[in-house]
Amino acid sequence: MENLYQPEINVKQALDAAWRHKGKALLAFLVVCALTAVYLSTAKRVYESEAKVYVRVGRESVALDPTATTGAVVTLQDTREADVNSIEQLLLSRETAEQVVDQLGVDTIFGKKPSTSSAWSPKTLIKDTLQKLEPYNLNPLQVFDVRDKAITLLKKNLRVTAVRKTSYVTVSYSCEDPATARDVVDALIAQVQAEHLRINRTKGSHEFFEKKELQLRTDLEKLEGELKDYKNKTGFAELDTQRKQLLERIATTQKELHSAQSDLSAARAEIKAREEELAQIPELVTAQETTGFPQSTEGAMRTKLYDLEVLEQGLAAVQTDDSPQLKSVREQIKQARGILGQEKTAPQTMKALNKVRQESELALSTRQAALAALEARELTLEKQLTTARSELKAINQSEIEIAQLQRSISLASHNHGKYAEYLEQARIDDELHTAKVSSLNLAQKPSYSITPISPKPIPTLGIGFVLACCSAAGIVFLAERGRLSRATNVPVAAPVRSEVTLRTESPARPEAPLVDELALSRRNEAIPSLPR
């Protein structure tokens with residue numbers, strides 16, 4: 001089969017085609033421009049209100065509820081990004097949308113204004129007719145719940161964006177009224193702040209800790225009463241002081257007892273020695289003894305002997321030993337001594353009580369009395385020591401029981417203090433919840449702008465201009481295509497003229513149609529069996 005000739009369309013041919021159909025193209029262009037202008041003038045204006053919420057680190061994300069605390073330090077795995085994303089999801093939740101719709105009303109969300117006119121209109125007739133069909137479920141546009149429709153519309157017009165790597169969440173709402181858009185964003189943020197406080201606290205925490213604190217306080221007061229009654233019963237108030245005093249008294253008593261026992265042993269030994277000594281001392285002793293009388297023979301002889309001795313000494317001083325007189329005196333002295341030695345006189349004695357024995361008996365009686373006193377003192381000290389040791393044992397026993405009570409009181413006081421602290425935390429949390437103190441702060445209040453975000457004039461006009469141009473080009477293309485289709489209906493036996501002849505005979509004719517006719521003629525010759 002012979003290769004078909006496919007001519008190329010250049011710019012000049014396209015301009016020629018546009019010139020041939022300039023009326024149609026201009027009309028299409030003007031119609032599209034007019035429709036764009038009509039759209040700009042009649043389209044509903046959409047306004048947008050925007051606010052920014054700053055999610056700071058607050059008690060909701062840092063502090064735990066006392067019922068969730070497991071120790072002094074709790075490590076949280078949630079990051080700041082998760083916290084911001086949680087706020088974003090809370091803003092997009094249906095519950096928040098429901099609460100905002102209930103607060104503002106369905107008519108506010110739909111942008112309806114209350115109408116006072118009750119005149120008949122086609123719209124009213126259609127509405128009444130559709131309402132009559134609703135019980136039969138024949139209304140294809142039936143709205144089963146206007147509130148659900150308002151919630152869907154609110155969520156559709158709401159945009160919430162969490163800015164990456166920041167703590168900001170952007171909230172925007174678009175509708176046909178700028179005041180309504182602002183009110184919706186304001187109500188939405190206020191509701192989210194309240195919900196953020198609610199979901200970050202444990203329900204019933206305050207009541208639980210209040211009940212537990214009252215129970216622990218009652219137990220603590222009961223234990224303190226038991227300790228007071230036990231101290232009053234035993235008389236032990238200050239165990240350390242009383243034990244110290246008692247130990248000092250025991251030490252003093254033991255020292256006195258040892259001293260008394262030593263004195264008692266000494267007294268007993270002394271009494272035994274005095275009794276033995278007293279047994280050897282006679283009761284009577286010689287008070288006076290007379291062995292001779294002054295006028296007796298012996299006395300005279302002693303006087304005579306004394307005189308002879310005096311004479312001898314006088315003669316010995318003046319005479320020699322050979323002197324007969326001195327020898328004679330000495331002989332007389334010798335004889336007198338012999339006679340005096342043979343003479344014996346019976347002594348006369350006088351008996352009296354022995355003072356030594358009396359003094360010994362008196363000292364013995366004194367020591368015996370002292371011994372009785374020492375024995376009584378020893379017995380008393382032993383009793384005192386036994387009593388003191390019993391008191392010390394009672395103190396030691398009481399110390400254990402008091403220590404147990406104090407330990408129970410300390411534990412109960414610690415638990416009561418802990419629950420009292422938790423109760424205070426729960427109370428503060430309730431107060432903050434009542435005051436609606438939240439960590440979600442408005443970085444940018446809901447904006448109020450009377451400049452609509454839709455439709456935008458310049459982009460709309462630009463799009464309309466592009467569509468108008470495309471419409472004009474399409475009209476030219478369709479018109480030219482129709483003309484070419486009509487040209488294909490020429491009979492096959494029609495004379496075919498060469499391009500040179502055609503140009504010579506009709507120099508004023510445009511070049512493009514000639515080329516098209518030549519191409520169509522060759523196509524008919526090459527494919528004669530093609531259906532028309």
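Along each chain, the written sequence defines residue order, and numbers are assigned to residues from 1. In keeping with the model being predicted, local features are shown solely for residues with a pLDDT of at least 70 and side-chain atom pairs are shown and tallied solely at 80 or more, while totals for entire chains, interfaces and linings include all residues. Side-chain numbers come from the whole structure's heavy atoms, not from hydrogens or water.

Here we come to the overall build of the protein chain. The secondary structure content of the protein chain amounts to 16 helices and six strands. Residue exposure (1.4 Å probe, protein chains only): buried if accessible area is under 20% of the type maximum, exposed if over 50%, otherwise partly exposed. A burial count over the protein chain gives 26% of its 532 residues as buried. Between two residues, a contact is recorded if the distance between any of their heavy atoms is within 4.5 Å. Counting contacts in the protein chain only where the partners sit at least 6 residues apart, residues at least 24 apart contribute 86% of the total. Where accessible areas are quoted, they stem from the Shrake-Rupley method and a 1.4 Å probe; at the residue level, only the protein chains shown are allowed to cover. When the accessible surface of the protein chain is split by element, carbon and sulfur atoms take 56% of a total near 36,500 Å². Here a helix means four or more residues in a row that DSSP labels H or I, a strand means two or more in a row labelled E, and each is numbered from the N terminus.

So, on to unusual backbone geometry. For the bond running from Ser454 to Pro455, omega is -5 degrees, close enough to zero to count as cis. The topology assignment puts Pro455 in the loop between β6 (440-444) and α14 (457-487). One non-glycine residue with positive phi stands out, namely Lys165, at about 60 degrees. Relative to the elements of secondary structure, Lys165 occurs in the loop between β2 (158-162) and β3 (168-175).

We now examine a nonpolar patch on the surface. Residues Leu27, Val31 and Leu35 make up a contiguous nonpolar surface patch of roughly 290 Å² in combined accessible area. You can see Leu35 is positioned in helix α2 (residues 22-42). Two distance rules govern patches: like charges are joined within 9 Å, and nonpolar side chains (Val, Leu, Ile, Met, Phe, Trp, Tyr) within 5 Å, applied only to residues with over 30% relative accessible area and no salt bridge. Whenever Lys or Arg places a side-chain nitrogen within 4 Å of a carboxyl oxygen from Asp or Glu, that contact is recorded as a salt bridge.

This next bit is on the nonpolar core. Put simply, buried Ala, Val, Leu, Ile, Met, Phe, Trp, Tyr and Cys residues joined by side-chain atoms within 4.5 Å make one nonpolar core. Among the nonpolar cores identified, the biggest contains 29 residues, and Leu91, Ile109, Leu154, Leu158, Val169, Val171 and Tyr173 are the most heavily contacted of them. Among residues more than four places away in sequence, those in contact with Val169 are Ala51, Lys52, Val53, Val55, Val84, Ile87, Leu91, Val160, Thr161 and Ala162. Leu220, Leu223, Tyr230 and Leu257 belong to the second-largest nonpolar core, a separate cluster that totals 19 residues.

The full count for this structure, using the stated rule, is 19 salt bridges. Taking the shortest distance from any N to any O, the salt bridge between Glu98 and Arg94 comes out at 2.9 Å. With Glu98 and Arg94 both in helix α4 (residues 94-104) and four residues apart, the pair spans about one turn of that helix. For Glu98, a relative accessible area of 21% translates into the label partly exposed. Here the salt bridges share partners, and the residues they tie into one network are Arg94, Glu98, Asp102, Arg147 and Asp148.

Centres within 6.5 Å are what make two rings of Phe, Tyr or Trp a pair, Trp counting through its six-membered ring; a difference in plane orientation under 30 degrees is then read as stacked, over 60 as edge-to-face, and the rest as tilted. Enumeration according to the criterion identifies six aromatic pairs in this entry. Judged by centre distance (5.5 Å) and plane angle (65 degrees), the rings of Phe209 and Tyr422 are edge-to-face. Taken together, the positions of Phe209 in helix α9 (residues 205-234) and Tyr422 in helix α13 (residues 355-435) put the pair 213 residues apart, joining distant regions of the chain. Just as Phe209 is buried, Tyr422 falls in that class too. An aromatic cluster is present here, built from Phe208, Phe209, Tyr419 and Tyr422 joined pairwise through their rings. Distance and angle both matter: a charge sits over a ring if NZ of Lys or CZ of Arg is within 6 Å of the ring centre and within 35 degrees of the ring normal. Geometry around Trp19 places Lys22 over its ring, the cationic atom sitting 4.0 Å from the centre.

Let us now look at the confidence of the model for the protein chain. A score from 0 to 100, pLDDT tells how confident the predictor is in each residue. Per-residue confidence for the protein chain gives a mean pLDDT of 77; residues scoring 70 or more make up 75%. Below a pLDDT of 50 lies the segment residues 1-6, which in the model reaches six contacts outside its immediate sequence neighbourhood of four places, other chains included. In the predicted structure, residues 490-532 sits below a pLDDT of 50 and forms 32 contacts with residues beyond four places in sequence or in another chain.

Below, the discussion takes up the packing of α4 against helix α7 (residues 146-157). Two elements in contact, α4 and α7, have axes separated by 9 Å at closest approach and are oriented at 115 degrees. In terms of axis orientation, α4 runs roughly perpendicular to α7. As for the relative orientation of α4 and α7, their crossing is right-handed in sense. Of α7, the residues touching α4 (which contributes Arg94, Ala97, Glu98, Val100, Val101 and Asp102) are Arg147, Asp148, Ala150, Ile151, Leu154 and Lys155. Considered class by class, the residues forming the contact of α4 with α7 number six nonpolar, no polar and six charged. To get an axis, a line is fitted to the C-alpha atoms, and for a helix only the part in contact is used. The angle between two axes follows their N-to-C directions and goes from 0 to 180 degrees. By definition in this entry, angles of less than 35 degrees are roughly parallel, angles greater than 145 are roughly antiparallel, angles of 65 to 115 are roughly perpendicular, and the rest are oblique. Crossings are assigned a handedness: left-handed for a near helix turned anticlockwise from the far helix by less than a right angle, right-handed for a clockwise turn. Gly is put with the polar residues, along with every residue not named as nonpolar or charged; the nonpolar set is Ala, Val, Leu, Ile, Met, Phe, Trp, Tyr, Cys and Pro, and the charged set is Asp, Glu, Lys and Arg.

On to the state of the cysteines. Defined simply, a disulfide is a covalent bond joining two cysteines at their sulfur atoms. In this description, the term disulfide denotes a pair of cysteine sulfurs within 2.5 Å. Tallied over the entire structure, the rule returns zero disulfides. Cys469 takes part in no disulfide bond, and the closest cysteine sulfur, belonging to Cys470, lies 6.9 Å away. Relative accessible area serves as the criterion here: at 48%, Cys470 is assigned to the partly exposed category.

With that settled, consider the pairing of β2. In β2, alternate side chains face the same way, and those of Leu158, Val160 and Ala162 are buried while those of Arg159 and Thr161 on the opposite face are not. Here β2 pairs with β3 via five bridges, running antiparallel. Looking across to β3, one finds that Val160 is bridged to Val171. The pairing criterion for strands is at least two bridges between them, as found by DSSP. Following β2, the chain reverses through five residues before pairing antiparallel with β3; Lys165 in that reversal takes a positive phi of roughly 60 degrees.

Right, let's get into the sheet that holds β2. Sheet architecture is open: four strands sit in the order β2-β3-β1-β6, paired in antiparallel fashion. Sheet topology places β2 and β6 at the edges, where each strand pairs with a single neighbour. The average undirected angle you get between the axes of adjacent strands in this sheet is 25 degrees. Pairing between strand β1 (residues 47-55) and β6: four bridges, direction antiparallel. Looking at β6, one finds that Val55 is bridged to Leu440. The sheet strands contacting helix α8 (residues 178-199) are β1, β2, β3 and β6, and the helix crosses β1 at an angle near 25 degrees.

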